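So you can see what is in the structure, the chains are spelled out below.
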Amino acid sequence: MKHSINKLEETPSQTAGPYVHIGLLPHQAGFDIFANNFSNDLLRPDTKGERITIEGMVFDGSGAPIRDMLVELWQANAEGRYHHPADRQQGKAIDPGFRGWGRTGTDFATGLYTFETIKPGSVVGRSGTKPMAPHVSLWMVSRGLNIGLSTRMYFDDESEANAADPVLNLIEQPTRRKTLLGHRGTRDGKTVYRFDIHLQGAHETVFFDV
Amino acid sequence: MADEYGEFYQRNRDIHPPALTPTYKTSVLRSPRIPLWSLQNSLSEVTGPVFTPDELGPLDHDLIKNYAHTGDPVGERTIIHGQVLDEDARPQAGVLVEIWQANAGGRYRHVNDRYFAPIDPNFGGCGRTLTDSEGRYWFRTVKPGVYPFRNYINSWRPAHVHFSIFGSGFAQRLITQMYFEGDPMIKHDAIAQTIADPAALDRLVAKLDLNASIPLDSVAYRFDIVLRGRRATMFENKLQGN
């Protein structure tokens, strides 16, 4: 399909390859180069909201955990406002202690990824009226992925909000909606949401063309 | 007229590689089998992280100096520069551009790279910068070498630099690779050839830019980057922002 009315065409994607960590997570690649490093810890002492851990694995079509996946997370703050000028929702404040973005790599040994963050609030939907249930956006790249994959994690303890969510309700098969649920648990007194991602198979995660 | 904060034009997937490209074998078990669910943009997609100059160090964009311990790294001194635009040719200011690459011998500084070409003690292989008010960026580095990878037993990657780019919205997120003009390896590379459209692949090939070279010092290549453009906003069925 031609979109030729645009002046320019988007730059094509290429795989991030096996050494993505060099550029985006040099400590995981095995060296220290930058004074300031991006990380999977979105928290500062002054961040407002309920502290949570989000963790999980990404599985390939053989069922094996992918141990070289780069995962980025983007989310609203505890009031449901994004730290970005395009978010003009009234009555919700920016949290100066929370940017809402982090990145990590699945562990080379275990395949586990982890984010330390807060549970986001509900954000208005695209119609400008209907709220979306609390969720985080995830984007991942790796060797073997020719273009990044986008998905969302919703919270399984928000069943009422999830049932009314305009994005979840777009997904035709109710069983597929469940692939977007993070499962709440507790470990060592901390709240942990488990969110496994399946690239193929019976439990293939819903990925979005955003 | 596009809105600074509008929804993004639908991504034209024809110019991108498909997820499943069996000649690049790793893609077979890592490509979703069910079609992507098309999602109209909400605030979750049109917003994204904002980065500021104080987060970066003064040498972060200079791969010749940012890991130099006993001297400069070995290799052809090379400048890579260009402009980040959107599909409406609007310059994208304040965009975070991160790069990584092999050293001049084709070896990566990475715990999982076991190729026997030597590590260069003075080369880390990564850099980052923010585009200026006109969307321009600039890196100094050494030209990366060709290296083998396990796809077929005689598969080689052309010289390339990996690029990661943030736009102003998370849905513009893009990772790609930049190749060098005239490299005979490109047409044999299983990864470059995942892009079916030759014109699209050619836009990943940086052009020699002698006028941007520094005489008697470094040769330059130009690589412009295009991110998705934004529509006029249609919140509550009223046209806003124009």
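Calculation criteria
Residues numbered from 1 in each chain as written. Chains lettered and ligands numbered in written order. Predicted model: local features only at pLDDT ≥ 70, side-chain atom pairs only at ≥ 80, totals over all residues. Heavy atoms only, no water. Helix = DSSP H or I, 4+ residues; strand = E, 2+ residues; numbered from the N terminus. Buried < 20%, exposed > 50% of the residue type's maximum accessible area, 1.4 Å probe, protein only. Contact = heavy atoms within 4.5 Å. Lys, Arg positive; Asp, Glu negative; His and termini not counted. Charge placed at Lys NZ, Arg CZ, Asp CG, Glu CD. 1 Å grid on protein atoms, 1.4 Å probe; cavity = no way out; pocket = protein on both sides within 12 Å on 5 of 7 lines; lining within 4 Å. Points joined across faces, edges and corners; volume = space filled by probe spheres on them. Nonpolar A, V, L, I, M, F, W, Y, C, P; charged D, E, K, R; others polar. Phe/Tyr/Trp six-rings, centres within 6.5 Å; stacked < 30°, edge-to-face > 60°. Lys NZ or Arg CZ within 6 Å of the ring centre and 35° of its normal. Buried area = accessible area lost by both parts, 1.4 Å probe. Salt bridge = Lys/Arg side-chain N within 4 Å of Asp/Glu carboxyl O. Polar contact = N/O pair within 3.5 Å; in protein donor to acceptor, adjacent residues only side chain to side chain. Pairing = 2+ DSSP bridges. Core = buried A, V, L, I, M, F, W, Y, C linked by side-chain atoms within 4.5 Å. pLDDT = per-residue confidence, 0-100.

### Focus on the overall build of chain A
For step 1, the next point in the chain: Counting its regular elements, chain A contains four helices and twelve strands.
For step 2, the next point in the chain: Based on the C-alpha atoms only, the size of chain A along its principal axes is roughly 50 × 45 × 40 Å.
For step 3, the next point in the chain: When each of the 210 residues of chain A is scored for burial, the buried share is 57%.
For step 4, the next point in the chain: Sequence separation of 24 or more characterises 67% of the internal contacts of chain A that already satisfy a separation of 6 or more.
For step 5, the next point in the chain: When the 23 basic and 25 acidic side-chain charges of chain A are each reduced to a single mean position, those positions are 4 Å apart.

### Considerations on the layout of surface pockets
For step 1, the next point in the chain: Here the largest pocket is characterised by a volume of approximately 1000 Å³.
For step 2, the next point in the chain: Every residue lining the largest pocket is counted, 33 residues in all, and those nearest its centre are Pro18(A), Tyr19(A), Arg143(A), Asn112(B) and Arg150(B).
For step 3, the next point in the chain: The element that contributes the greatest number of residues to the lining of the largest pocket is strand E6 (residues 147–149) of chain B, accounting for three residues.
For step 4, the next point in the chain: Of the residues contributing to the lining of the largest pocket, the split by class is 15 nonpolar, eight polar and ten charged.

### Brief notes about the packing of aromatic side chains
For step 1, the next point in the chain: Using the criterion set out here, one finds 18 aromatic pairs over all chains in the structure.
For step 2, the next point in the chain: Centroid distance Trp101(A) to Phe51(B): 5.1 Å. Interplanar angle 85°. Geometry classified as edge-to-face. Here Phe51(B) lies in the loop between helix H1 (43–46) and strand E2 (77–86) and Trp101(A) lies in strand E3 (residues 101–105), a pairing that spans two chains. The two residues Trp101(A) and Phe51(B) agree in class, both being buried.
For step 3, the next point in the chain: Ring centres of Trp101(A) and Phe166(B) lie 5.4 Å apart, and the angle between their planes is 85°; this geometry places the pair in the edge-to-face category. Taken together, the residues Trp101(A) in strand E3 and Phe166(B) in the loop between strand E8 (160–165) and strand E9 (174–180) connect one chain to another.
For step 4, the next point in the chain: Three or more aromatic residues link up through ring pairs in this structure, and these residues are Phe38(A), Trp101(A), Phe51(B) and Phe166(B).
For step 5, the next point in the chain: We note Arg109(B) situated over the ring of Phe31(A); from NZ or CZ to the ring centre the distance is 5.9 Å.
For step 6, the next point in the chain: Positioned above the aromatic ring of Phe38(A), the side-chain terminus of Arg128(B) is 5.2 Å from the ring centre.

### What about the interface of chain B and chain A?
For step 1, the next point in the chain: The partner chain A presents 78 residues to the 91 residues of chain B that form the contact.
For step 2, the next point in the chain: Counting the surface lost from both chain B and chain A, the interface buries some 8100 Å², and carbon and sulfur atoms represent 57% of this.
For step 3, the next point in the chain: The interface formed by chain B and chain A holds eight salt bridges in total.
For step 4, the next point in the chain: Linking chain B with chain A are 52 residue pairs in polar contact (both at pLDDT 80 or more).
For step 5, the next point in the chain: When contributions to the side of chain B that touches chain A are tallied by element, the ones reaching two or more residues are strand E1 (37–38), H1, E2, strand E3 (96–100), strand E4 (126–130), E8, E9 and strand E12 (225–227) of chain B.
For step 6, the next point in the chain: With five residues, E9(B) is the largest single contributor of residues to the side of chain B that touches chain A.
For step 7, the next point in the chain: Of the residues contributing to the side of chain B that touches chain A, the split by class is 44 nonpolar, 26 polar and 21 charged.
For step 8, the next point in the chain: With two bridges joining them, strand E12 (residues 208–209) of chain A and E1(B) adopt parallel strand pairing. Bridging from a neighbouring strand, Phe208(A) pairs with Trp37(B) of E1(B).

### Observations regarding the side chain of Ser218(B)
Residue and element names in this part refer to chain B.
For step 1, the next point in the chain: Assignment of secondary structure puts Ser 218 in the loop between strand E10 (205–208) and strand E11 (219–222).
For step 2, the next point in the chain: Classification of Ser 218 as buried rests on a relative accessible area of 5%.
For step 3, the next point in the chain: Filtering out sequence-adjacent residues up to four positions away, Ser 218 remains in contact with Arg 77, Thr 78, Ile 79 and Ser 213.

### Description of the nonpolar core
For step 1, the next point in the chain: Counting residues in each nonpolar core, the largest one holds 85 residues, and the members touching the most others are Trp100(B) and Phe163(B).
For step 2, the next point in the chain: Sorting elements by how many residues they give to this core places E9(B) first, with five residues.
For step 3, the next point in the chain: Counting residues in hydrophobic clusters, the runner-up holds 24 residues, among them Ile66(A), Met69(A), Ile118(A) and Ile197(A).

### Regarding the pattern of salt bridges
For step 1, the next point in the chain: Scanning all chains against the criterion turns up 31 salt bridges over all chains.
For step 2, the next point in the chain: Ionic pairing is found between Asp46(A) and Arg44(A), a salt bridge with its closest N-O pair at 3.0 Å.
For step 3, the next point in the chain: Looking at Arg44(A), the relative accessible area reads 43%, which means it is partly exposed.
For step 4, the next point in the chain: With a closest N to O distance of 3.7 Å, Lys207(B) and Asp202(B) form a salt bridge.
For step 5, the next point in the chain: Here the residues in one salt-bridge network are Glu50(A), Lys119(A), Asp157(A), Glu158(A) and Arg184(A), joined through shared partners.

### Looking at the pairing of E8(B)
All names here are of chain B.
For step 1, the next point in the chain: A large share of E8 lies buried, amounting to six of its six residues.
For step 2, the next point in the chain: On E8, burial covers both faces: His 160, His 162 and Ser 164 on one face and Val 161, Phe 163 and Ile 165 on the other are all buried.
For step 3, the next point in the chain: Here four bridges tie E3 to E8, and the two strands are oriented antiparallel to one another. Paired with Val 97 across the two strands is Ile 165, which belongs to E8.
For step 4, the next point in the chain: With six bridges joining them, E8 and E9 adopt antiparallel strand pairing. For Ile 165, the partnering residue across the bridge sits in E9 and is Leu 174.

### Regarding the confidence of the model for chain B
Residue and element names in this part refer to chain B.
For step 1, the next point in the chain: Of all residues in chain B, 95% attain a pLDDT of 70 or more, and the chain-wide mean is 94.
For step 2, the next point in the chain: With pLDDT under 50 throughout, residues 236–242 is counted as low confidence; its partners more than four residues away or in other chains account for 13 contacts.
For step 3, the next point in the chain: Model confidence for the complex: the whole-complex pTM is 0.96, and ipTM, which rates the interface, is 0.96.

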